[in-house]
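# Coordinates in review
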Amino acid sequence: MLTAYVALQLVVQTRRVLVWMVIALFFAIALYPAVDAVERRLTRCRRSVATLLVFTVTVVVIGALVALFVTPLAQEGTRLAGRLPTIVEDARTGRGPIGDLLQRTHALRYVQQHRDQIRSFATGLGTPALAFVRSAATTVAGAVAIFVLAYLMVLEGPKMIDGTLALTDEARAARIRRVGAACARTVNGYLTGNLLISVVCGVLTYVMLLIAGVPFAGLLALFVAIADLIPLVGATLGAVVASLAAFIHSIPAGIAAVVFFIVYQQIENHLLQPVILSRTVRLNPLTVLVSILLAVEIAGILGALLAIPVAGMIQVVLRDIWAHRDGRKLRLPMRGDKKFDDTAGAVESTH
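Quantities reported herein were computed from a predicted structural model and do not represent experimental measurements. (Residues numbered from 1 in each chain as written. Predicted model: local features only at pLDDT ≥ 70, side-chain atom pairs only at ≥ 80, totals over all residues. Heavy atoms only, no water.)

Across the protein, the average pLDDT comes to 75, with 68% of residues at or above 70. Segment residues 338-351: pLDDT under 50, and 10 contacts once partners within four positions in sequence are set aside and those in other chains are kept. (pLDDT = per-residue confidence, 0-100. Contact = heavy atoms within 4.5 Å.)

Set out below in structure tokens:
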């Protein structure tokens, strides 16, 4: 009991570093095949050079994508900041789409009657500058630590794996390699598939909002794409926010947004996800829901993002353990018996 308590306290005290290590591990798993491919294809290419090349390309691609999105988002953010005083004034006086909506729902009267309480609440939400700076510094330190950890995991991973497996017998080492490869395929398939689905969702949302004339379509589409990364509830959350923004613009735009998200979510649930994820992660809805609830409680939004691949890896391990136990049970008959020979042949054919 004392050992378990000490271990639990150690995990609690170092949970931030452990979260960084988990994120770095997923990045390393995602980039590991690319490093192996570069090392094999380029003659006389050492693993350190291949790892550095892959990580450099990854950083450049991420930077290019960020720059591609940041420019229009910065423009829309500037427009929003310039129009914000007018929007607030219109809302306060009951003019414009927002003001008209507040008037119809009697929200403006409530705000005017409880102005002091709202101002007090808003004042309490203010974050001290020192806490904000500390949070920003922690985020930057975490990003650097994750990058370095992932780099070292990919670089030193083969040596560590070979050294650890050398301590076991050949059959067990082969089994561990097989299970590890299956877990890596599960993680890679989920990460790439989920990212692809979110990109499709964001692009289609942007096109729909642009056609409907909803302002700040880029910001809304980016929010929808990021929210869509969260399993189960993310797509609904993004759809609700984008639809509300469309209704504020105009009722026809809001109706069009609701119809679009209903149709798109049916296509995503019944076409995109089965096609993209069926070959990599096979989990029933109950397992997905339980995994997400537990992961959110442990690691928040990050836990929700990583819940499904972690559950998929656990499923792969449990299936292997179950199959291995069944194999041992099948070998119970004595050697030389016909039943033993038939059973052993069947077991060998399954492996």
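After that view of the structure, there is still more to cover.
Our next topic: a nonpolar patch on the surface. On the surface, Phe 247, Ile 251, Ile 255, Val 258, Val 259, Ile 262, Val 263, Ile 267 and Leu 271 cluster together into a nonpolar patch covering about 760 Å² of accessible area. A total of eight residues in the nonpolar patch trace back to one element, the largest contributor, which is helix H11 (residues 251-277). Take Val 258: it is sitting in helix H11. (Patch = residues over 30% accessible without salt bridge, like charges linked within 9 Å, V, L, I, M, F, W, Y side chains within 5 Å. Areas by Shrake-Rupley, 256 points an atom, 1.4 Å probe, with all protein chains shown as cover. Salt bridge = Lys/Arg side-chain N within 4 Å of Asp/Glu carboxyl O. Helix = DSSP H or I, 4+ residues; strand = E, 2+ residues; numbered from the N terminus.)

For the structure shown, the criterion picks out four aromatic pairs. Relative to Tyr 264, the ring of Phe 260 lies with its centre 6.1 Å away and its plane at 15 degrees, an arrangement referred to as stacked. Note that Phe 260 and Tyr 264 are positioned in helix H11 at a spacing of four residues, about one turn of the helix. We classify Tyr 264 as buried; its relative accessible area is 5%. An aromatic cluster is built from Phe 55, Phe 147 and Tyr 151, whose rings are joined through pairwise contacts. Over the face of the ring belonging to Tyr 32 we find Arg 47, whose NZ or CZ atom lies 4.9 Å from the ring centre. (Phe/Tyr/Trp six-rings, centres within 6.5 Å; stacked < 30°, edge-to-face > 60°. Buried < 20%, exposed > 50% of the residue type's maximum accessible area, 1.4 Å probe, protein only. Lys NZ or Arg CZ within 6 Å of the ring centre and 35° of its normal.)

A separate point is the side chain of Arg 47. By the element assignment, Arg 47 lies in helix H3 (residues 47-93). According to the relative accessible area criterion, Arg 47 is buried, its value standing at 11%. A distance of 2.8 Å separates a polar atom in the side chain of Arg 47 from a polar atom in the side chain of Glu 39. Not counting the four nearest positions on each side in its chain, Arg 47 is found in contact with Tyr 32, Val 35, Asp 36, Glu 39, Val 154, Leu 155 and Pro 158. (Polar contact = N/O pair within 3.5 Å; in protein donor to acceptor, adjacent residues only side chain to side chain.)

We now examine the pattern of salt bridges. According to the stated counting rule, one finds six salt bridges in the structure shown. Here Arg 177 makes a salt bridge to Asp 162, at a shortest N to O gap of 2.7 Å. Highlighted residues: Arg 177 in helix H8 (residues 170-212) and Asp 162 in helix H7 (residues 129-165), separated in sequence by 15 residues. Note that Asp 320 and Arg 178 form a salt bridge whose closest N and O atoms lie 3.6 Å from each other. You can see Asp 320 sitting in helix H12 (residues 285-330) and its partner Arg 178 sitting in helix H8, a full 142 residues away along the chain.

The next point concerns the environment of Val 22. Residue placement: Val 22 occurs in helix H2 (residues 15-41). Once the C-alpha coordinates of Val 22 and Ile 146 are considered, the two residues, 124 residues apart in sequence, prove to be 8.8 Å apart.

Between its first and last C-alpha atoms helix H10 (residues 234-249) spans 23 Å; for 16 residues at 1.5 Å apiece the expected length is 22 Å, and the two agree. Burial in H10 covers these residues: Gly 234, Ala 235, Gly 238, Ala 239, Ala 242, Ser 243 and Ala 246. Down the axis of H10, the buried side of the element spans an arc of 150 degrees, and every buried residue falls inside it. (Expected span 1.5 Å × (residues − 1). Arc of directions from axis to C-beta.)

Okay, empty space enclosed by the protein next. Summed over all chains, the structure comprises one cavity of 30 Å³ or more. A volume near 30 Å³ is recorded for the largest cavity. As for the largest cavity, its lining consists of Cys 201, Val 224, Asp 228, Ala 235, Gly 238, Ala 239, Phe 261, Tyr 264, Gln 265 and Glu 268. When residues of the lining of the largest cavity are traced back to their parent elements, those giving at least two are H10 and H11. When residues of the lining of the largest cavity are assigned to their parent elements, the largest contribution, four residues, is made by H11. Of the residues belonging to the lining of the largest cavity, the class tally is six nonpolar, two polar and two charged. (1 Å grid on protein atoms, 1.4 Å probe; cavity = no way out; pocket = protein on both sides within 12 Å on 5 of 7 lines; lining within 4 Å. Points joined across faces, edges and corners; volume = space filled by probe spheres on them. Nonpolar A, V, L, I, M, F, W, Y, C, P; charged D, E, K, R; others polar.)

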